[in-house]
Each structure stands twice: as C-alpha cells, then as structure tokens.
Amino acid sequence: MPADLSQALADILAPSMLLLVLAGAVAGMALGAAPGLSATVGLALLLPITFTMDPTTGLVLMGAFYMGAIYGGAFTAILVNAPGTPSSIATSFDGFPMTQQGRSEAAIIGVTVASVVGGLIGVVGLATLAPLLAEVVLAFGPQEYFWLGIFGLTMIASLADSMVKGLAAGALGLLISTIGISPVGGEVRFTFGMTDMQGGVPLIVALIGLFTVPTIADMVLDPEARSAAMAKEAERRERGGVLRDTLRTVLSRPVNLVRSSVIGTLVGILPGAGGNVANLIAYNEAKRTSPRRRNFGKGEIEGVVAPEAANNAVVGGGLIPLLTLGIPGAPPDAIIYGVLLLHGLRPGNELFSEQGVLTFTFILALAVAAILMGPVGLVAGRGLQRAVVRTPTHYLAAGIAVLTIVGAYAVRNNPLDVVLMILLGLAGFGLRKVGLPPPAIVLGVVLGPIIETGLGQGLLAATDQANPWMSFFTRPISIGIIVLVVIGLLWPVYTRSKDRRSQDGARPRSGSEVAP
Amino acid sequence: MTARRVSTRLALLTGVAVGLAGCATQSDTGDAAAEQYPEQQIEYVIPFDPGGESDVTARLQQQALEETLGQDIVVTNRPAGGGTVAWSDLATGTTPDGYTIMGANLPHILLQPLAQDAGYKTEDIKWAYIFESTPNALLVSKDSPYDTLEEFVAAAKDKKMAVGGSSSFSANHMGTLALDQEAGVDLTYVPFDGTADASPALLGGQIDALMSYNTEALALQEEGAKVLAVASEERLSELPDAPTFKEAGYDIVDGAWRGVAVPPDTPQEIVDKVADAFEQVNQDPQVRRRMEKLGFHLEDMGPEESAEFTEQRLADARELLERFDMLEQ
C-alpha cells in the first residue's frame, strides 16, 4: 500500500495531471456557480467526455470538477441570492445580506478559506478512516434517518423570527415534498392527474423559484437599493485590507471551521443525506454556539463559513461508502459510481488493493483540487465577484433570469420544471411579503422525503415487533438523536433567556422596562 | 447541450405543425425519410438518473451504436416518477421519426400502468429491442441465522420477516410477492429508493433479507452476504453456488429486462434499423466483455419477440397483482 501511495503521489504531481485537476476545478466552479446547474448535472454532462479517457484520468477530472462545483455554488448564493447548488442553501442566508451591505468581497474570501479547509478535512477522513467510518453507514437505519430529519426541522426555530410563521413555512415545504409518487408504497399524490407531476417538485427547482425569482423581482422593482450596496463595496475596496482582515477573522475562529467540516464529513457518509442537509446543519450549529448568533441572518461571516466548509467536506465523506461498499454517499457520487462501473471497476477491497494506485491518485486529486481552489478563488473568484458587482442591475437581472430558466430545465430536461420554477417564484415573492421565510419552506422540501421515507421504512422493517412504532424509541443511535432534538428545541429558549439576562445586567434595572 | 435540445424541441414542434398541415403527402416523405434514416444525431433518452444501471448500459453502448449507425448518439437523462414521465411522453408526445429513442424496462412498463394512472399503457411502448436482463436474487447478511432458502422460508412461516428491495411495483417487489405466493408465507416488503440504497440496510441488519438483482448480489457477496436463491431458469455462471428458486420447487423466474423503445407510430423500417443496430452492438466484443463483467445478461429479442414476451409477462403480472389486490381501482 505505501508503494501504491507514493506511485499515486508521483502520478498526481505530474504537470499534465496538475493541469487536468486545475482545469477540472475551474470548470466545476464555473458550472457550480450557475444557479440550477448542480454538481450532479455537471458530472452527468462530463460523463461522455471521461468515458473516452483511461480510468485514472477520467476519475481525476471528475473528482476535481466535483470539488470545484460545490465551491462554485457559493458565488451566486452570495452575490445574487441564488444558491448555485443545493449544497449552498445556507450560504445565502448570510452571504446575500453581506452583498447587500457591500461586503461581498469579504464573503467570497471567507467561503474560499472554508471550502479549502472543508475539502481537505473531508479528504483526510476518506484517506485515513474510510473502513472505520463505513461502519457508521451500516449502523444508520430508517429510524435514524427519520430522527435526523426531525432534528433538521428544529432548525426552523433559528430561521424564522416568528415561530408560528416559521412552522407554517416549514409545513408548506413538507407538503410540497409530498407531490408525486410516494417513496414508500408508490402511491401517486397531488398530481391533479398530470403525468408530468409524478416526479414531484425537484429541490433545485424549488430553490431557484423561492430564492432567486424574488431577488430578480427586487432588482427590477428597486434598482436603487443595489446601487447603494455597489457604492459601499467600491468604497471598501478603496480603503483596502479586505483580504487581510477577512483571513484574520476567519482563521481566528478555527472551531467553526473544524466543527462544520466534521459535520460535513459525517453527513456525507450517510447515503440518505448529502450536501443539501450538511450545509444546513452546519449553519445551524454555528449559529447555535456562536457568541455572535444575533447577527446571523444579517450578514455574519461565520454564517457563510460554516455551510461552505461542510459542503466541501461532504465530497470526501460521500466517497467513503462509495469506495468501500459501493454505496453512493451523495447524489454526485452516483455518477462517479457509474464511471467506475463503466470501466469495470467494482468498489470494495479490490479498489484499495489491486487498484490502489488508481484509488489513491483519485483521492489525492481531490486534495489537490481543494488546495488549488484557494488561489483560484482568491484571484478568479474575486474577479468574478468584482465583475458581478459592477454589472448594471438591468443587465444582471436579465442575465440571472436566463440562467434560472436554463438551470430549471437542465435538472430533468423537462420544460414543466421551468413553469414550476416561475410559479414557485411568484408564490415565494408573495409569501415573503406576509412573513413566511423561504428558507424554512426549502428546509421542508429538503427534509420531507428523508422523514417520510425513514418513517415508512422503519415501520415496515420493524414488522416482527409487537408495536413497530416502539422501534423509533429503543435503538441506541435513535435515542442519541432524540436527545439532540430535545436540545435543539430547548436551546433557543435557553439562549433567549440568557441574552435577556445579559441585557438586563448591562443596563440599570428599571422595573417597568420590558426587554425588546 | 441544453440549448441545443431546446432548439431541437422547437424544431420538432415546427415539424409537427408542418406535418399536420401537409398530411396528404406525409406517407411519401415518411417513406423517404425511413429509407435514409439515420441522417442526423439521435437522442437516446434514459428515464433514470445518471450513474444507475440503465444509464451505465446506455453509455457502454453509445460508442458502438455510433459506429453502427454512423451518427452521433446523445444520451440524455430524464428521470422523474420512476420512468412514468418520460415513457408517457414517448407514448403520446414524441415525434415518431426514430431520432428520439428511449430506454425501457420490464417490469416497470407492466406494473406502472397496472398499479396507477401512469399516463401510458403497456401496449403504447413499442419495442425495438430488448438487450439485457438482470435476474432477481434473494440475499441475507453474513450474520443471518439462515444459510438456505428452505431455512429462510421455514422461519418466515413462524415469524414476521422484512424483505427490502428497490422501490414499489418493481421487479424486486414482484419477486417478493411471488415468493409469498409460492411458499405460502407473508413477507413484509420494505421499498428503498434504489438498488444501492437498499444494500446498507441488509449489511447493517435493518432488514431480514434483501430481494435485489444478480449484479448487486455479486457486489454484496464480497461483503459477506449469502445469496439464498436466484430467480432464473438455470443457475447463473457468475453466482454458481446460488441455487435457483425452481430447484427449491418455487416457480419464480423474475428480474428486470432492459431494452430500447420508440414512439408508437414509428415506421417499421426505422424500427427495424434501430433493432439491427442494437443487435450488432450486442455482438461487439468490447461491449459484451464489459456488460458481462458487471453481471448483465445479454438478451437478443427483436421487435416482435419483445412484444410477445411483454404480453406474456403482462398476463403474469396482472394475475399476481390481482391476487394481492394491488390493481388500480
């Protein structure tokens, strides 16, 4: 094995290979940045090209592309509130407010650092702990996925100012996720007799509709707001020092970086959950534990660092079950699985023993891609950011509108998805006006299928028990997640009272004053 | 590629409009077009996600198909609703000119119209060729107390057992129902999102057994899983130690068959040309070697044979679903 590793190291450091990794990462970034064109769609487009290459070259290109695409998704999330991939949903929560405040450059620098660190931690997990971590996959049954989904739902408390409106939005998202053929049982639901609706509403379509369409509408209705942000951004650049200050801020809080990366790696390992779940959980944990939690949602840089560290860690994590057991850990891994199969490579021990050089070259390529994202992001990424910031609003709005249509169509090559995207966009615009937060709706769409599938499968799999429902409360890992759910529900109550107390202490007490 | 597809669609729409306007001359031009087919790139639509077995097969065939037909083949994925959306589009909304061909699977196209309003009927799917199959296989994990099908069935008569598989109304689902019927047991079928999603549940002990395909059985065997039986007529060369259900006295031959279909009104000449091309692809030594390595069984059924086979399987499927009261109300 050490011989394989050193051979792989020599292979990956060859100039042609490095160039390939660079090209893959840059192409991935460009595609990931386009709203709707997710890493999965990009890898599918790459498939025919890699098929003509030898297995090593093809896998290296795909790995670098995948890593870059996940990072690229952050750009549009920050700049135009259009998460480029479902792995960057939470990045927009604080990234877009930063842009509105004229701080998009700092946000881009923050996610670049986060993506490099997250990507590397995920790859280290893959390279060193793969067989051990693969056991986690097997310990996770339907009941655990159910509770993981419920745990995710507790996030609504931190996404909405009003609990009632947050819950209403989350429930709406859950309802949207039930459209189509049910995952357990195969019933057709809420399609109104339209065959095209049997596939349901894809997450990406909901995401573009609910996030990006309202943003385009805002640009059209109030172009002045953006001009003010552009002016501030220019002023900040004049002053200089953004790069140094941002790097210092982000690197001085390593706990957030590492915690988010570990969350990403672990969630990536679970076949039932990928980057779309990991980035949300990492955001929520960052917010929960940060002393600056009140700034979250209003342009806090920790809020963009957490999801981006997590989603790039998913890349390495998701490959663990794929390479060891042949089970894709996240949707893009399914395509990499396809490449392995096309070349007649079966995942498992054989991949690490007989095909050791190939496997290690692939893993190293991911690490190299993660490192290269740093300089590329700081140069080309900031260049893109500057270009977008300088683009006049009327061009930018039209440009994004075109990209959203292409993106919605590309998900399943179905024109209906464009219609759905526009309808959800109009709904999102209206719902935002009445105070239903779009992120909570998207949360429901992400978690609905995980919860429903876990519940249905769990009840069926526990068929030998007198009461199958009890299986949800007796399994050790389930109990552990239930504890997390309870903490998740009580935490906001605790922090709220703590915040109130610290405020009271800071101020002279006057009996009649009520905390805001 | 997407932009090209949009423009192709527009062109197709225009084509349909022109075609309707000039119905009188259509048969003449149709013949000429059929004679010269193929004159342009062909879109090979796979109604499933990229990376799955149907997709991998199409991409394995792509190069050989291009050589045979002398035109570019573009593989496009249109996943949604387990295939229903793409197949109903093929049955009702695709120009029958042979430039859009689509992967189709048995038993999916039998079970979907039987169990739900799928937007198409089984008869609407016009086969050009059926080129491969993957038989069902029943597996238990290495820690399972059962080493043979007989032991498993005996145990299932006494206690409730959960058998996982890939999705509802699938070959795995039908295989489980067939075992219920043949062996007189009452297994609880647990549907997972896909073949790969069900496997960790078996290895992790979440379910008692797994009804999967021979291809996945090959992979799971390496993880120590035990193959109790395969649902083929004879033992499989890649799993020589696994007995067939027939050996145990259960008449179960089931699995998935994959092929390529065209819109219902496609001229016979074009159908034959597509069928010939896929027949040749199945002879390509590189394609054969790669498919066999992955455990795919090559099949060679032309348009008529495929239609007959489908009709026969449809009757069996209807009977089975009727017995379990699962037909669409």
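All values derive from a computational prediction rather than experimental measurement.

It is worth spelling out the overall build of chain A at this point. Looking only at helices and strands, one finds 23 helices and two strands in chain A. Over its C-alpha atoms chain A spans a radius of gyration of 23 Å, differing by no more than 12% from the 24 Å that the globule rule assigns to 516 residues. Along the first, second and third principal axes, the C-alpha set of chain A runs to 75 × 70 × 50 Å. Within chain A, the proportion of its 516 residues that are buried is 59%. When contacts within chain A are restricted to residue pairs at least 6 apart in sequence, long-range pairs at least 24 apart make up 79% of them.

Here we take up the overall build of chain B. When its secondary structure is counted, chain B shows twelve helices and ten strands. The dimensions of chain B, computed from C-alpha atoms along their principal axes, are 70 × 45 × 35 Å. Counting the 329 residues in chain B, one finds 53% classified as buried. Residue pairs in contact within chain B that sit at least 24 positions apart in sequence constitute 76% of those at least 6 positions apart.

Next up on the list: helix 14 (residues 275-289) of chain A. Residues and elements named next belong to chain A. Between its first and last C-alpha, helix 14 extends 21 Å over 15 residues, near the 21 Å set by a 1.5 Å rise per residue. In terms of burial, helix 14 is largely enclosed, as twelve of its 15 residues are buried. Among the residues of helix 14, G275, N276, V277, A278, N279, L280, I281, A282, Y283, N284, A286 and K287 are the ones counted as buried.

For the rest of this paragraph, the subject is the nonpolar core. Generally speaking, soluble globular proteins have nonpolar side chains that are buried together. Counting 267 residues, the largest nonpolar core has M67(A), I78(A), A369(A), A128(B) and L139(B) as its most contacted members. When residues of this core are assigned to their parent elements, the largest contribution, 18 residues, is made by helix 6 (residues 104-139) of chain A. For this core, the two domains that each supply at least three residues are domain 1 (39-134 + 255-323) and domain 2 (135-248) of chain B. Here L139(B) is in contact with L202(B), A209(B), L210(B), S212(B), A217(B), L220(B), A225(B), K226(B), V227(B) and L228(B), once residues within four sequence places are set aside.

What follows is about the packing of helix 10 (residues 203-221) of chain A against helix 19 (residues 393-412) of chain A. Residues and elements named next belong to chain A. Following both chains from N to C, one finds helix 10 and helix 19 inclined at 165 degrees, their axes separated by 10 Å at the closest point. Of the possible angle classes, the one that applies to helix 10 and helix 19 is roughly antiparallel. Crossing hand, helix 10 versus helix 19: left-handed. Residues I204, V205, I208, T212, V213, I216, M219 and V220 of helix 10 form the contact with helix 19, whose participating residues are T393, L396, A397, I400, A401, T404, G407, A408 and V411. The residue makeup of the contact of helix 10 with helix 19, split by class, is 13 nonpolar, four polar and no charged.

Often, the extent of an interface is quoted as the loss of accessible area upon association of its parts. Residue and element names in this part refer to chain B. For chain B, the assigned domains are domain 1 (39-134 + 255-323) and domain 2 (135-248). In this structure, domain 1 and domain 2 have C-alpha centres spaced 26 Å apart. At the interface, 17 residues of domain 1 touch 16 residues of domain 2.

The residue after Y37(B), namely P38(B), is reached through a cis peptide bond having omega -5 degrees. Among the secondary structure elements, P38(B) is positioned in the loop between helix 2 (23-36) and strand 1 (42-46). That bond from L106(B) to P107(B) is cis: its omega, 5 degrees, falls within 30 degrees of zero. Along the chain, the position of P107(B) falls in the loop between strand 3 (100-106) and helix 5 (108-115). Of note in the backbone geometry, F192(A) takes a positive phi value of approximately 50 degrees without being a glycine.

So, on to the interface of chain B and chain A. Counting residues at the interface gives 52 residues for chain B and 46 residues for chain A. Every element with two or more residues in the side of chain B that touches chain A is listed here: helix 1 (2-21), helix 3 (53-69), strand 2 (73-77), helix 4 (84-92), strand 6 (188-192), helix 8 (195-203), helix 9 (214-222) and helix 11 (285-293) of chain B. Per-element accounting of the side of chain B that touches chain A gives the leading share, six residues, to helix 8 of chain B.

Turning our eyes to something else, we now look at helix 20 (residues 416-433) of chain A. Residue and element names in this part refer to chain A. Between the first and last C-alpha of helix 20 there are 26 Å, a value that for 18 residues agrees with the 26 Å anticipated at 1.5 Å per step. When helix 20 is considered as a whole, its buried residues turn out to be D417, V418, L420, M421, L424, G425, G428 and L431. Considered in projection along helix 20, the buried side chains sweep an arc of 150 degrees and stay on one side of the axis. Looking at helix 20, the residues exposed on the side facing more than 90 degrees away from the buried face are G430 and K433. Buried residues along helix 20 sit in contact with helix 10, helix 19 and helix 21 (438-461). A positive phi of about 95 degrees marks G435, the residue just after helix 20.

Within a regular beta strand, the side chains point alternately toward one face of the sheet and then the other, so they alternate between its two faces. Residue and element names in this part refer to chain B. Across the five residues of strand 8 (residues 226-230), five count as buried, placing the element largely inside the fold. Relative to strand 8, strand 4 (residues 126-140) runs antiparallel, the two sharing four bridges. From the neighbouring strand, A137 faces strand 8, where its bridge partner is V230.

On to the packing of helix 6 of chain A against helix 13 (residues 254-269) of chain A, then. Residues and elements named next belong to chain A. Where helix 6 contacts helix 13, the axes come no closer than 8 Å and their chain directions differ by 45 degrees. As the angle between them shows, helix 6 and helix 13 are arranged oblique. For the element pair helix 6 and helix 13, the recorded crossing hand is right-handed. Together, A114, V117, G118, I121, G122, G125, L133, V136 and V137 of helix 6 and L257, S260, S261, V262, G264, T265, G268 and I269 of helix 13 make up the contact between the two elements. Looking at side-chain class alone, the contact of helix 6 with helix 13 contains nine nonpolar, eight polar and no charged residues.

Here we take up the environment of F51(A). With respect to the helices, strands and loops of the structure, F51(A) is situated in helix 3 (residues 39-51). For F51(A), a count of 17 C-beta atoms within 10 Å gives the class partly exposed. In this structure the C-alpha to C-alpha distance between F51(A) and H343(A), which are 292 residues apart in sequence, comes to 8.1 Å. Excluding residues that lie within four positions of it along the chain, F51(A) makes contacts with L342(A) and R59(B).

Analysis parameters
Residues numbered from 1 in each chain as written. Chains lettered and ligands numbered in written order. Predicted model: local features only at pLDDT ≥ 70, side-chain atom pairs only at ≥ 80, totals over all residues. Helix = DSSP H or I, 4+ residues; strand = E, 2+ residues; numbered from the N terminus. Rg over C-alpha atoms; globule rule 2.2 N^0.38 Å. Buried ≥ 20, exposed ≤ 12 C-beta atoms within 10 Å, placed from the backbone. Contact = placed C-beta atoms within 7 Å. Expected span 1.5 Å × (residues − 1). Core = buried A, V, L, I, M, F, W, Y, C linked by C-beta atoms within 7 Å. Domains from an automatic or database assignment. Axes fitted to C-alpha atoms, helices over the stretch in contact; angles between N-to-C directions. Parallel < 35°, antiparallel > 145°, perpendicular 65-115°, else oblique. Left-handed = near helix turned anticlockwise from the far one by under 90°. Nonpolar A, V, L, I, M, F, W, Y, C, P; charged D, E, K, R; others polar. Arc of directions from axis to C-beta. Pairing = 2+ DSSP bridges.

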